[in-house]
Structure formats: structure tokens, C-alpha cells
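Structure assessment
Given next are the chains, with one letter for each unit.
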Amino acid sequence: KKIIQKRENQWRKTFKIGKKNIHHYDLYRIKNYKDALELGMFEISEDIKIIEWPELIKDKPINRIDLKFMYSKLEDSRKVQIKGFGKWKDYKFNEI
């Protein structure tokens, strides 16, 4: 599928794959919670939202999937821990 990228600002980028919007939020440089709210990441939508550095904000979206990347003993390899919240809480990610 064709991927179209549109840069909105330095903390939020929107990608479109087919008819689906994917928003990437980079919270590394935000200064406070108000800055995070202004990005629109808490607006309810069916869009996919990827939040980089989510530990920098206290309140997170209810329906979300957290991915935690960890170093592996293998070179150029990472382990990924996946945990769902809200509507994703009981999803069996380890069966994918």
C-alpha cells in the first residue's frame, strides 16, 4: 500500500495508509501536560496513535497498547513486551 506522510509539527506526524490515519506523537521535548493536550492525542477517534516517550505524561489514553522495547543478548536485536489496556486488556498478543 502507498504510504503518504504529512508533517504537522515537530511533535506530531500523521501518516496515511490506505484510508487509515496513523498519528505519531514524540513527547520527548514537551514541557508540560498542557503541551501534550494541545497535540490532540486524547481526542476520540478510530485513528491509530503511536506515542513515543509515553512515560513523560501521567494520564494516558484508556484504550491503548503499550510496547516496551528492551535490549537482547543478540546483536541488532530487541525484545518487545506488549500489554493492552481498556478494550485491549484481554487481547492475546502472545498468540500473534
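Quick summary incoming for the structure in this document. (Residues numbered from 1 in each chain as written. Predicted model: local features only at pLDDT ≥ 70, side-chain atom pairs only at ≥ 80, totals over all residues. Heavy atoms only, no water.)

Let us now look at the pairing of strand β6 (residues 78–85). Sheet analysis places strand β5 (residues 64–71) next to β6, joined by eight bridges and oriented antiparallel. From the neighbouring strand, phenylalanine 69 faces β6, where its bridge partner is valine 80. Once β5 ends, the chain turns through six residues before running back antiparallel as β6, passing aspartate 76 with a positive phi of about 60°. (Pairing = 2+ DSSP bridges. Helix = DSSP H or I, 4+ residues; strand = E, 2+ residues; numbered from the N terminus.)

On to the environment of isoleucine 22. With respect to the helices and strands, the residue isoleucine 22 is situated in strand β3 (residues 20–26). If sequence neighbours within four positions are ignored, isoleucine 22 has contacts with Lys13, Thr14, Phe15, Ile17, Ile48 and Ile50. (Contact = heavy atoms within 4.5 Å.)

Let us look at the packing of aromatic side chains. Across all of its chains, the model carries three aromatic pairs by this definition. Ring plane angle 75° and centroid distance 5.6 Å describe the contact between tryptophan 88 and tyrosine 91, whose orientation is recorded as edge-to-face. Looking at tyrosine 91, the relative accessible area reads 45%, which means it is partly exposed. Members of the aromatic cluster, joined through ring pairs, are Trp88, Tyr91 and Phe93. One cation-aromatic arrangement involves arginine 64 over phenylalanine 85; the distance from NZ or CZ to the ring centre is 3.8 Å. (Phe/Tyr/Trp six-rings, centres within 6.5 Å; stacked < 30°, edge-to-face > 60°. Buried < 20%, exposed > 50% of the residue type's maximum accessible area, 1.4 Å probe, protein only. Lys NZ or Arg CZ within 6 Å of the ring centre and 35° of its normal.)

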